[in-house]
Amino acid sequence: PIDIDGVGIFYKNSQYASVMKDGKYGIIDSRGEITTPCTFDFLRVEGDYASVEIEGKYGLIDMFGNYVIAPTTNRVYVGTDGYVMIVSPDNKKGCVGVGDKAGVSIPCKYDSIGSFSESGNAAVCIDGKWGILNTKNELVVPMIYDRIFPTGHNDSFGLEKYDEHKTIIFPEPK
């Protein structure tokens, strides 16, 4: 038997869960083997990765304790789209790609950033104005809109300017 204080939940198809020993967290696999030692102040298994906290800073590790993102940010959020949102000390948001999305890097300068669509676009906001950014960090829709939302149809977004009382669709339907 292994000497631990508690085990988290094995979610859905995951073979990994958090484990606690002496107030520190690590990772255990479904065979009962510790794959990452209990050295973190906080750890949450999220798919193929785990967000971790050390001394008030957050990062991301794989299931074997290797850093994907060093613990230097105020928060990390693992999305289901292969991207991780990072929150900087001044509460600005950016993101990086992981796994097959590795290489994507959006700087922490946005007040809000949405999930990336299948075509690689995400709604971003600065000072209450929204635009659409692609994974190359290029604005494909200028930041002039009051609201942007996914339409749920053909990977498109609705773009609204409140003073014009109309919604346009991006990309335009063909």
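Residues numbered from 1 in each chain as written. Predicted model: local features only at pLDDT ≥ 70, side-chain atom pairs only at ≥ 80, totals over all residues. Heavy atoms only, no water.

1. Section: the confidence of the model for the chain
Counting all residues, the mean pLDDT for the chain is 91, and 98% of those residues have values of 70 or more. For the chain, the element scoring lowest by mean pLDDT is strand S19 (residues 166–170), at 84; strand S4 (residues 34–40) scores highest, at 97. (pLDDT = per-residue confidence, 0-100. Helix = DSSP H or I, 4+ residues; strand = E, 2+ residues; numbered from the N terminus.)

2. Description of the pattern of salt bridges
Per the counting criterion, the structure on display carries nine salt bridges. Between Arg31 and Asp29 there is a salt bridge, with the nearest N and O atoms lying 2.8 Å from each other. Residue Asp29 is classed as buried on the basis of its relative accessible area, which comes to 6%. With a shortest N-O distance of 3.3 Å, Arg147 and Glu160 are connected by a salt bridge. Placement of the pair is Arg147 in strand S17 (residues 147–150) and Glu160 in strand S18 (residues 157–161), with a sequence separation of 13 residues. Residue Arg147 is classed as partly exposed on the basis of its relative accessible area, which comes to 36%. Within the structure, one salt-bridge network assembled from shared partners comprises Asp3, Lys21 and Asp22. (Salt bridge = Lys/Arg side-chain N within 4 Å of Asp/Glu carboxyl O. Buried < 20%, exposed > 50% of the residue type's maximum accessible area, 1.4 Å probe, protein only.)

3. Things to note about the sheet that holds S18
Here three strands make up an open sheet; going across it, the order is S17-S18-S19 and the pairing antiparallel. Two strands bound the open sheet, and with one partner strand each, they are S17 and S19. Between one strand axis and the next, the sheet turns by 25 degrees as a mean value, whatever way the strands run. With five bridges connecting them, S18 and S19 associate as antiparallel partners. Opposite Glu160, over in S19, you have Thr167 as the bridge partner. (Pairing = 2+ DSSP bridges. Axes fitted to C-alpha atoms, helices over the stretch in contact; angles between N-to-C directions.)

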